[in-house]
Amino acid sequence: MDTQCPFCSVQCKMQIIEHPGQLRSTYTVQPKPNAASEGRLCIKGMNAYQHALSSSRLTYPMARIGGKLERVSWEEAYRLIKTNVTALQQQYGRDSIGVYGGGSLTNESAYLLGKFARVALRSKYIDYNGRFCMSAAASAVNKAFGIDRGLTNQLSEIPLAKCIILAGTNIAECQPTLMPYFDRAKENGAVIIAIDPRNTGTTEKADLHLKVKPGMDAALVNGMLKVLIEEGYANESFIDSRTKGYQDLKQHISELSLDHLAEITGVPAAQIRQAAELFGKAATGMVFTARGVEQQTDGYMAVRNFLNMVLVTGKIGREGCGYGAITGQGNGQGGREHGQKADQLPGYRSIENPADRAYIAGVWGVHVDDLPGKGVSAYEMMEKIHAEEIRALLVMGSNPVVSNPNANFVEEGLRKLQFLVVADMFLSETALIADLVLPTSSYLENGGTLTNLEGRVLLREESRAALGESKHDWEILCGIASQLGAEAYFPYSTAESIFEELRVASRGGIADYYGITYDRLRKEEGVYWPCPSVDHSGEKRLFEQRFAHPDGRAELISVDNHFPAEQVSAEFPLYLTTGRVLSHYLTGVQTRRSATLAARSFESFMEIHPKTAKKYRIEDAALVRLESKRGSIVVRSRHTTQIREDTVFVPMHWGDIQNVNKITNQALDPTCRMPGFKVCAVQVQSLVK
Ligand SMILES: Nc1nc2c(c(=O)[nH]1)N[C@H]1C(S)=C(S)[C@@H](COP(=O)(O)OP(=O)(O)OC[C@H]3O[C@@H](n4cnc5c(=O)[nH]c(N)nc54)[C@H](O)[C@@H]3O)O[C@H]1N2
Ligand SMILES: Nc1nc2c(c(=O)[nH]1)N[C@H]1C(S)=C(S)[C@@H](COP(=O)(O)OP(=O)(O)OC[C@H]3O[C@@H](n4cnc5c(=O)[nH]c(N)nc54)[C@H](O)[C@@H]3O)O[C@H]1N2
Ligand code: SF4
Ligand SMILES: [Mo]
């Protein structure tokens, strides 16, 4: 089977070879040449066949009958949807039905999910898990540069950068196949600066590690900007010709004190100075951020400050210079371009812009006034569910019971729904509480396009037939749409036929895919967007001459020293930050079903500094209860001097009693509505007497 790893945003290509045996088959996996990973695969890719081929895959629809999930036919499943949706919409209006998507869906399914919500349900309530993932960086880059493509440069330019800042990104564990690009940069003499409250596989590569207090990145960058501006590292000619807003920024920075910034960020002033000087002096440089910076209640502004630094030093739009928000999910990039977001229409169009609405209404053949308006963000949908404004929800490609902040509240809401439908490959924690579970195909069966972290659109061919009665996501959507009387708008028989419509729908938009065809993708092994015509080669480096705003200029902005929404107190004296480990993926629904991956990391844990552990009388490898204002979890302690003394860390890959989101804070960033997953206040207590 020639395929592509279903996990992270690198989208490494691979071949899975079946060796039939007497009792059962065995499998070997070979990496395949591809430009992004240069033919490398990580441990997750090597074992990604295990969950897809596991016996716990769902193969038929199930409905809750007498409190239990029982096998039903597709006809029965569709009938249940039709009855419930029609009754609820008649009684409570069109917006009583919500849709919740995901960044693992192919571009075709993600596009269709957006169309399904707006045309088949005519509900404004649709959003997706990318809200928790990409929304801070995406909104910041859109506002500063005018266009949001994860990386402004190809990965192959990383070795040309002389100074690289890795802020809140753990590439060594989260996009491991990219690490050799950074190794090569180091061999070429680059300096790497990491910003992270913990030591990780990534910070190990760094020449300088700023061990920032959780949530204090914006202030830290203010300190770096102060040194850059006041010590002559600002690139005045770039600032004059390519940006606006510099005078305000300069004024704001001049009012800040480096010593104060050092105190509030927990990073010594000398280190802030050293980092700024290294970046300022370097002839070329790149800045990368990921969720450590972005999943904050000031995620949008924190990213804006990193963009300020790139712009003030003129390190963008040329070789070895640029910015990257390291995208998370396999199709985290494409998933945020074609209309799964509450305020968005395909091609990165805005649902509030009359011209955008008219264009898409034309492509879809509906009246523009029939297109709903803007809905709310993912977590806010959970609040609408509690408030009974949303009474039924279709979840496709997410496990919100584990991945939403304040998970107890979220689960309570989902249980209250009159009708919860989950399309998944497995009985995830969310599927387990659904009224109807629809079996969907895996990456081995479902062909389609995915856009990797560089903005390179890739075609993943289907490798085998769908399992049992499972269907592709887009087929499920077409099936439901036709029950709801909208079959004329969903006439697709292949993923490619949906892509043909997506091309037209994205045409002229920011994320323009018009010039991309399946034929080209087969021949060229991926094409970058924007790609406005079939003879266009796709843009490899952005912003060489101008930014994407009408005046061609990038926007600088003054950023306040934000403090996390929740501060430590006598009752909750430690900061908790959350994230990932190498062998598991997100809520672990897939990787926990892979024997090899699960064996590497079979339970959750809490990293704690030995000094802190001593203070709270917590032994190494002991079960501990972590508690916040919202709930509690039980995990095993892990002593390590690699973490700040005021902070503990728990990964996000487990459910039930180990679900770290039972304690995380639901406070949202005011601009992008990203939850502050990366900081909350907790207490820890040993369960060992
Ligand atoms: N193995 C693995 N790989 C994955 C995933 C996975 O689940 N497992 N998920 C994929 C997805 S969807 C995503 S979004 C990406 C996520 O990729 P990353 O964002 O790189 O991963 P995280 O572990 O969430 O966070 C990165 C780092 O941020 C640090 N951090 C915490 N708080 C702060 C802070 O306040 N400031 C700073 N500067 N750093 C902080 C954490 O210590 C952590 O090392 O990975 C993708 N790849
Ligand atoms: N505390 C804390 N919480 C976090 C984060 C954090 O760093 N800390 N990170 C956040 C981030 S960045 C993200 S991306 C979210 C992700 O969290 P979720 O949105 O819950 O993502 P997954 O765990 O990948 O869940 C995907 C579900 O969809 C199924 N699935 C996979 N592929 C497909 C498909 O093609 N079709 C369908 N129908 N189903 C499919 C899987 O089996 C799984 O059950 O979690 C967020 N939550
Ligand atoms: S998890 Fe990411 S880096 Fe690892 S093989 Fe899959 S796509 Fe490549
Ligand atoms: Mo993510």
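Residues numbered from 1 in each chain as written. Chains lettered and ligands numbered in written order. Predicted model: local features only at pLDDT ≥ 70, side-chain atom pairs only at ≥ 80, totals over all residues. Heavy atoms only, no water.

Observations concerning the site of ligand 2
Here is step 1: If you check the shell around ligand 2, you find 31 residues, and the closest are Asn129, Ser398, Asp424, Thr587 and Asn661.
Here is step 2: At 2.8 Å, a backbone N or O of Asn399 approaches an oxygen atom of ligand 2.
Here is step 3: Between ligand 2 and Lys678, the relevant distance is 2.9 Å, taken from an oxygen atom to a side-chain nitrogen or oxygen of the residue.
Here is step 4: Taken domain by domain, the shell around ligand 2 gets at least three of its residues from each of domain 2 (62-132 + 335-528) and domain 4 (574-686). (Near = heavy atom within 4 Å. Polar contact = N/O pair within 3.5 Å; in protein donor to acceptor, adjacent residues only side chain to side chain. Domains from an automatic or database assignment.)

Quick word on the UniProt feature "domain: 4Fe-4S Mo/W bis-MGD-type" (unreviewed entry) in the protein chain
Here is step 1: Here the UniProt feature "domain: 4Fe-4S Mo/W bis-MGD-type" (unreviewed entry) sits at residues 1-56.
Here is step 2: Helix makes up 16% of residues 1-56 and strand 29%, with an end-to-end C-alpha separation of 21 Å. (UniProt positions renumbered as here; feature names shortened; annotations may be inferred. Helix = DSSP H or I, 4+ residues; strand = E, 2+ residues; numbered from the N terminus.)

Regarding the packing of aromatic side chains
Here is step 1: Taken as a whole, this structure holds 16 aromatic pairs when the rule is applied.
Here is step 2: Their ring planes at 35° and their centres at 5.4 Å tell us that Tyr27 and Tyr49 sit as a pair that is tilted. Taken together, the residues Tyr27 in strand 3 (residues 26-31) and Tyr49 in helix 2 (residues 48-52) connect sequence positions 22 residues apart.
Here is step 3: Residue classification places Tyr49 among the buried positions, given a relative accessible area of 14%.
Here is step 4: What links up through ring pairs into an aromatic cluster is the set Phe145, Phe238, Phe543 and Phe547.
Here is step 5: The lysine or arginine in question, Arg71, covers the ring of Tyr60, its NZ or CZ lying 4.1 Å from the ring centre.
Here is step 6: One cation-aromatic arrangement involves Lys471 over Trp74; the distance from NZ or CZ to the ring centre is 4.9 Å. (Phe/Tyr/Trp six-rings, centres within 6.5 Å; stacked < 30°, edge-to-face > 60°. Buried < 20%, exposed > 50% of the residue type's maximum accessible area, 1.4 Å probe, protein only. Lys NZ or Arg CZ within 6 Å of the ring centre and 35° of its normal.)

Here we look at the site of ligand 3
Here is step 1: What surrounds ligand 3 is the set Cys5, Phe7, Cys8, Gln11, Cys12, Leu41, Cys42, Lys44, Gly45, Pro176 and Thr177.
Here is step 2: Tallied by class, residues from the shell around ligand 3 come to seven nonpolar, three polar and one charged. (Nonpolar A, V, L, I, M, F, W, Y, C, P; charged D, E, K, R; others polar.)

Some remarks on the environment of Ile147
Here is step 1: Relative to the helices and strands, Ile147 resides in the loop between helix 5 (135-145) and strand 8 (163-167).
Here is step 2: Residues Ile147 and Leu542, spaced 395 residues apart in sequence, show a C-alpha to C-alpha distance of 9.4 Å.

Regarding the sheet that holds strand 7 (residues 126-128)
Here is step 1: Spatially, 5-4-18-17-16-6-7 is the arrangement adopted by the seven strands of the open sheet, whose pairing is mixed. Of all the strands in the sheet, just strand 5 (68-71) and strand 7 have a single pairing partner and so form its edges. The mean angle between the axes of side-by-side strands here comes to 20°, regardless of whether they run parallel or antiparallel.
Here is step 2: Bridge count for strand 6 (residues 97-101) against strand 16 (residues 392-396) is four bridges, and the pairing is parallel. (Pairing = 2+ DSSP bridges. Axes fitted to C-alpha atoms, helices over the stretch in contact; angles between N-to-C directions.)

Considerations on unusual backbone geometry
Here is step 1: Along the chain, Trp529 connects to Pro530 via a cis peptide bond; the corresponding omega equals -5°.
Here is step 2: Locating Pro530 in the fold gives a position in the loop between strand 21 (527-528) and strand 22 (554-555).
Here is step 3: Phi at Ala621 is positive, roughly 60°, even though this residue is not glycine.
Here is step 4: Residue placement: Ala621 occurs in the loop between helix 23 (610-615) and strand 25 (623-628).
Here is step 5: You will see that Asp656, though not glycine, has its phi angle at about 50°, which is positive.

Structural notes on helix 11 (residues 258-265)
Here is step 1: Looking at helix 11, one finds that the buried residues are Leu258, Leu261, Ala262, Ile264 and Thr265.
Here is step 2: In this structure, the buried residues of helix 11 make contact with helix 8 (217-230) and helix 12 (269-281).
Here is step 3: Gly266 sits one or two positions beyond helix 11 and adopts a positive phi of about 75°. (Contact = heavy atoms within 4.5 Å.)

What about the pattern of salt bridges?
Here is step 1: For the structure on display, the rule yields 37 salt bridges.
Here is step 2: Here Glu524 ties to Arg520 by a salt bridge, and the two come within 2.7 Å at their closest N and O atoms. You can see Glu524 and its partner Arg520 sitting in helix 21 (residues 518-524), four residues apart, about one turn around the helix.
Here is step 3: With relative accessibility at 10%, the residue Arg520 sits in the buried group.
Here is step 4: Each of Glu38, Arg40 and Arg184 takes part in salt bridges that share partners, so that together they form one network. (Salt bridge = Lys/Arg side-chain N within 4 Å of Asp/Glu carboxyl O.)

So, the nonpolar core
Here is step 1: Residues Phe116, Phe145, Ile165, Tyr323, Leu438 and Phe490 are the most contacted members of the largest nonpolar core, which totals 131 residues.
Here is step 2: If you count residues domain by domain, this core takes at least three from each of domain 2 (62-132 + 335-528) and domain 3 (135-326).
Here is step 3: Residue contacts for Phe116: discarding those within four places in its chain leaves Val99, Leu121, Leu394, Leu477, Ile480, Ala481, Leu484 and Phe490.
Here is step 4: In this structure, Ile171, Met606, Val624 and Val682 belong to the second largest nonpolar core, which totals 57 residues. (Core = buried A, V, L, I, M, F, W, Y, C linked by side-chain atoms within 4.5 Å.)

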